[in-house]
Amino acid sequence: MGRLTSERRLDLAVLTILAIGAGCGLVYEYLLSHYAGRVLGAMEVAIFGIITVMMVFMGIGSFLARNVKNPYAGFAWLEIILALLGSTSVLLIGSLFALSELFPKILMDTFGLTADLAPSGGLIATMEGIARFSPYLIGAVLGTLIGMEIPLISEIRSDIHKGGLKNNAGSVYGIDYIGAGVGATLWLLFMLAMDVSLAGALTASANLTVGILFFLLFRKKIRWPAPLLAAHVLTAIVVIQVYDKGRDWSDTMEDLLYRDEVAYRLNTKHQRLVVTERIMDPAKPKVLTFYINGRTQFASSDEHIYHAMLTYTALAASARHKKILVVGGGDGLAVRDILRWNPEKVMLLDLDEDLVRLFREPMTEPVDNSRLLAANGGSFSDPRVEFRFGDAFLSVDELLRDEALFDAIIVDLPDPSHPDLNKLYSTRFYAKLYGLLAGDGAMVVQSTSPYHAKKTFISIGKTVQHAGFAHVDQYHANVPSFGEWGWTIATKNGKSARARLAELENLPVDDGWTTKGLLLAAFEFEKGFYDDWESIDVNRLGTMVAYRYHYNDWQREMGIYQLTKEKNQ
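Because the structure is predicted, anything quoted here is derived from the model rather than measured.

Parameters at a glance
- For every chain, the first residue of the written sequence is number 1, and numbering continues from 1 onward in sequence order.
- This being a predicted model, a pLDDT of at least 70 is required before a residue's local features are given, and a value of 80 or more before pairs of side-chain atoms are given or counted; all residues contribute to the totals for chains, interfaces and linings.
- Water and hydrogen atoms play no part in the side-chain values, which are based on all heavy atoms of the structure.
- By definition, any uninterrupted DSSP run of H or I lasting at least four residues is a helix, any uninterrupted run of E lasting at least two residues is a strand, and each is numbered from the N terminus.
- Remark: exposure states derive from per-residue accessible area (1.4 Å probe, protein chains only) relative to the maximum for the residue type, with buried under 20%, exposed over 50%, and partly exposed in between.
- When checking whether two residues touch, look at their non-hydrogen atoms; a contact exists if any pair is within 4.5 Å.
- All accessibility values rest on the Shrake-Rupley procedure with a 1.4 Å probe; residue burial counts only the protein chains present in the view.
- Under this rule, positive means Lys or Arg and negative means Asp or Glu; His and the chain ends count for nothing.
- Taken as the charge location is NZ of Lys, CZ of Arg, CG of Asp or CD of Glu.
- DSSP calls a pair of strands paired once it identifies at least 2 bridges connecting them.
- Each axis is a line fitted through C-alpha atoms, taken for helices only over the stretch in contact, and angles between the N-to-C directions span 0 to 180 degrees.
- What is meant by a nonpolar core is a set of buried Ala, Val, Leu, Ile, Met, Phe, Trp, Tyr and Cys residues, joined one to another through side-chain atoms within 4.5 Å.
- Surface patches are defined over residues having more than 30% relative accessible area and no salt bridge, joining like charges when they lie within 9 Å and nonpolar side chains (Val, Leu, Ile, Met, Phe, Trp, Tyr) when within 5 Å.
- When a carboxyl oxygen of Asp or Glu lies within 4 Å of a side-chain nitrogen of Lys or Arg, that pair is called a salt bridge.
- The rule is short: rings of Phe, Tyr and Trp, with Trp giving its six-membered ring, pair when the centres are within 6.5 Å, and they are stacked under 30 degrees, edge-to-face over 60, tilted in between.
- Counted as over-ring charges are cases with an Arg CZ or a Lys NZ within 6 Å of the ring centre that also lie within 35 degrees of the ring normal.
- In protein, a polar contact requires one atom able to donate a hydrogen and another able to accept it; more generally it is a pair of N or O atoms within 3.5 Å, and residues adjacent in sequence count only if both atoms are side-chain atoms.
- A helix is expected to reach a length of 1.5 Å times the quantity of its residues less one.
- Per-residue confidence from the predictor is given as pLDDT, running between 0 and 100.

Some words on the overall build of the protein chain
Consideration 1: A tally of helices and strands in the protein chain yields 18 helices and 11 strands.
Consideration 2: When the backbone C-alpha atoms are referred to their principal axes, the protein chain occupies close to 95 × 60 × 45 Å.
Consideration 3: For the protein chain, the residues scored as buried account for 55% of the 569 residues in total.
Consideration 4: Summarising the internal contacts of the protein chain: among those between residues at least 6 apart in sequence, 72% fall at separations of at least 24.
Consideration 5: In the structure as shown, the protein chain presents an accessible area of about 24,700 Å², 59% of it carried by carbon and sulfur atoms.
Consideration 6: When the 54 basic and 62 acidic side-chain charges of the protein chain are each reduced to a single mean position, those positions are 7 Å apart.

Have a look at this one:
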């Protein structure tokens, strides 16, 4: 009976160790894919790519585990290596990217080269390629190590029970799934908005803890325990250093990825926010550029162009401006321009409450956001502005149930660069907005670049048309921060928005930039632009048409993973 009780205690300890290890492995998977999306500039490709690579190599690791002669020693060393690599992986990736960015600058400074003669190709291209491949390489190594855990634990349990063990595989996989689920929950609730190096260090600490516990339980079955213990101590020192200084190291390397000085940065549960600043004219304020997950959102020097083209057309084409709906637009710049039309109410739907807070509430910690509040004119503090947070697809349903009606609708959503965003560019979503728009109002939709992503742009126009709108027009303008950009505008009844704008004798509001001629000229495209109209598909819910077009358009235009010009909030 005593021997049976001892076996059960050891077995429970082993399963607990496995569950914690599984949770750590899941966090490493999410952490690495999340960070890769930032540095690669292609969030959706990176996340799915890293997860795919890690899953494949977890299978390879399961096969390789049979080559480990001593499962006890193998598992103990496995946890140390996982802790070491898991805590340092983002720093390794960041250092490679920083080095690939820094090396050309060193050459330019050394040889006095100007910006137009910046070196590229050859060794520099090789370094950039290595940096961009590094997240997948580290993911493959981590996946291999994680995949070895289950076979080794299964062998250890068989040895503990001397082969007399029923449903070994079921118990091991069951506890592994539960542990992974707990890890995923911790990631979503606590670690998603945490600095990546801190999250890695905390996860590695859990790995080290279970490694030491395992060592204490089975030290008699491990040959050469002294080197193993020394490795635990050295790895613990590394993890402590990463916990203490990792954020500063990571921030320093991240700064090298931006051409301007990073003024401040912030993590939310949904995205990484970075603001840079540059002196263009000593007599003028510094130019602020706002990035989300490494992608340009706006530059203070030219954002007025984008937001004027986004808002002015819809408002000028609408009969009234009492109630305005804004979908997206969490920086408050569109709302700033809308308030010039003296509306009674502006409803803003946005996913990220922390993003809106950054552009709404004065703060000094963790960042000083005074210049961001100045950029949007404190629009989010206006009592006429009302907020609803959550998935826009569902938030719109709430407005429909409330029988809300808006005189104009401004849709300033991210590009359909992720499968989750595809539904916000579907006929179903636009049909919902149709139900919220007044009969004599107008709706405008941010529609990506007609130059870089032509099929996506045309597909958005066709999709809006198929949602039931009577008239759909598209227009474009050059915004220097991210190039040629386009919008789609639609009306339900009466004349088209373009015709309504043409009939205006005077523009209702003077924003200091917009003219009637400029607005009307924006509706003109080069000869043959719409020749492929019939062959372009409409994006219906579940078809992923917008996502596929967007992915293929930008890859063809910019090269694999080169999506830095994409406007994505």
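There is more to say after this.
Description of the sheet that holds strand 8 (residues 406-412)
Whenever strands of a sheet pair, they do so through backbone hydrogen bonds, lying parallel or antiparallel.
Consideration 1: Across the sheet, which stays open at both edges, the 7 strands sit in the order 7-6-5-8-9-11-10 with mixed pairing between neighbours. Two strands lie at the open edges of the sheet, namely strand 7 (385-389) and strand 10 (471-479), each paired on one side alone. In this sheet, neighbouring strand axes are inclined to one another by 15° on average, regardless of whether the strands run parallel or antiparallel.
Consideration 2: Pairing geometry for strand 8 and strand 9 (residues 437-446), over 5 bridges, is parallel. Along strand 9, the bridge assignment pairs I410 with V444.
Consideration 3: Packing of helix 12 (residues 392-401) onto the sheet brings it into contact with strand 5 (323-328), strand 6 (345-350), strand 7 and strand 8, and relative to strand 6 it is tilted by some 145°.

Re the nonpolar core
Consideration 1: Ranked by internal contacts, the top residues of the largest apolar core, which has 63 residues, are F75, L142, I156 and F214.
Consideration 2: Among the elements of the structure, helix 1 (2-40), helix 2 (43-64), helix 3 (71-111), helix 4 (122-160), helix 5 (168-191), helix 6 (196-218) and helix 7 (225-255) are those that each provide at least two residues to this core.
Consideration 3: With 14 residues, helix 3 is the largest single contributor of residues to this core.
Consideration 4: Judged by nonpolar contacts, the second largest core, of 57 residues, contains L310, V346, V356 and W487.

Description of a nonpolar patch on the surface
Consideration 1: Among the surface-exposed residues, I178, V182, L186, L188, L189 and F190 lie close enough to one another that they form a single nonpolar patch of about 600 Å² accessible area.
Consideration 2: V182 sits in the partly exposed class, given a relative accessible area of 45%.

Considerations on the packing of aromatic side chains
Consideration 1: Evaluation of the coordinates by the stated rule reveals 27 aromatic pairs.
Consideration 2: With 6.1 Å between their ring centres and 40° between their planes, Y173 and Y177 make a pair best called tilted. Of this pair, Y173 and Y177 both sit in helix 5, 4 residues apart, which is roughly one turn of that helix.
Consideration 3: Taking the centre distance of 6.1 Å and the plane angle of 5° together, the rings of F387 and F389 count as stacked.
Consideration 4: Counting every residue linked through ring pairs, the aromatic cluster contains Y306, Y475, F482, W485, W487 and F523.
Consideration 5: When the ring centre of F406 is taken as origin, the NZ or CZ atom of K323, which lies over that ring, is 5.4 Å away.
Consideration 6: The positively charged end of K432 is found above the aromatic ring belonging to F393, 3.4 Å away from the centroid.

Observations regarding the environment of E277
Consideration 1: Note on placement: E277 falls in strand 2 (residues 272-278).
Consideration 2: What E277 contacts, discounting residues up to four positions off in sequence, is D260, E261, A263, K286, V287, L288 and R371.
Consideration 3: Within the structure, the side chain of E277 is placed 3.2 Å from the side chain of K286, a separation counted as a polar contact.

Details of helix 15 (residues 454-466)
Consideration 1: With 13 residues, helix 15 ought to run about 18 Å at 1.5 Å a step, and its terminal C-alpha atoms sit 18 Å apart, in line with that.
Consideration 2: For helix 15, the full list of buried residues reads T456, F457, I458, S459, I460, G461, K462, T463 and V464.

Focus on the environment of L433
Consideration 1: Mapped onto the fold, L433 is located in helix 14 (residues 427-436).
Consideration 2: Judged by relative accessible area, which is 0%, L433 ranks as buried.
Consideration 3: When the C-alpha positions of L433 and V411 are compared, they lie 9.6 Å apart, and in sequence the two are 22 residues distant.
Consideration 4: Aside from chain neighbours lying at most four places away, what touches L433 is L325, V327, V396, I409, V411 and M443.

Things to note about the pairing of strand 9
Consideration 1: Counted residue by residue, strand 9 has 8 buried out of 10 residues, so it is predominantly covered.
Consideration 2: As judged from the 5 bridges shared by strand 9 and strand 11 (residues 483-491), these two strands associate in the antiparallel manner. Across the sheet, the residue bridging to V445 is T488, located in strand 11.

Some thoughts on the sheet that holds strand 1 (residues 261-267)
Consideration 1: The strand order 1-2-3-4 describes an open sheet built from 4 strands, whose pairing is antiparallel. Edge positions in the open sheet fall to strand 1 and strand 4 (295-299), since each of these has one partner strand only. Strand-to-strand twist across the sheet, computed as the mean angle between neighbouring axes with direction ignored, equals 20°.

Points about the side chain of D473
Consideration 1: Among the secondary structure elements, D473 is positioned in strand 10.
Consideration 2: Despite its burial, D473 remains without a salt bridge, the nearest opposite charge being carried by R498 at 5.2 Å.
Consideration 3: Excluding anything up to four places from it in sequence, D473 contacts W487, T488, I489, S496, A497, R498 and F523.

A closer look at the confidence of the model for the protein chain
Consideration 1: Here the protein chain shows a mean pLDDT of 87. Residues at 70 or above account for 91%.
Consideration 2: This stretch, residues 558-569, has a pLDDT under 50; its non-local contacts, to residues over four places away or in other chains, come to 51 contacts.

So, the pairing of strand 2
Consideration 1: Burial analysis of strand 2 places 6 of its 7 residues in the buried class, the great majority of the element.
Consideration 2: As judged from the 6 bridges shared by strand 1 and strand 2, these two strands associate in the antiparallel manner. Counted as the bridge partner of L266 is L273 from strand 2.
Consideration 3: Connecting the antiparallel pair strand 1 and strand 2 is a turn made up of 4 residues.

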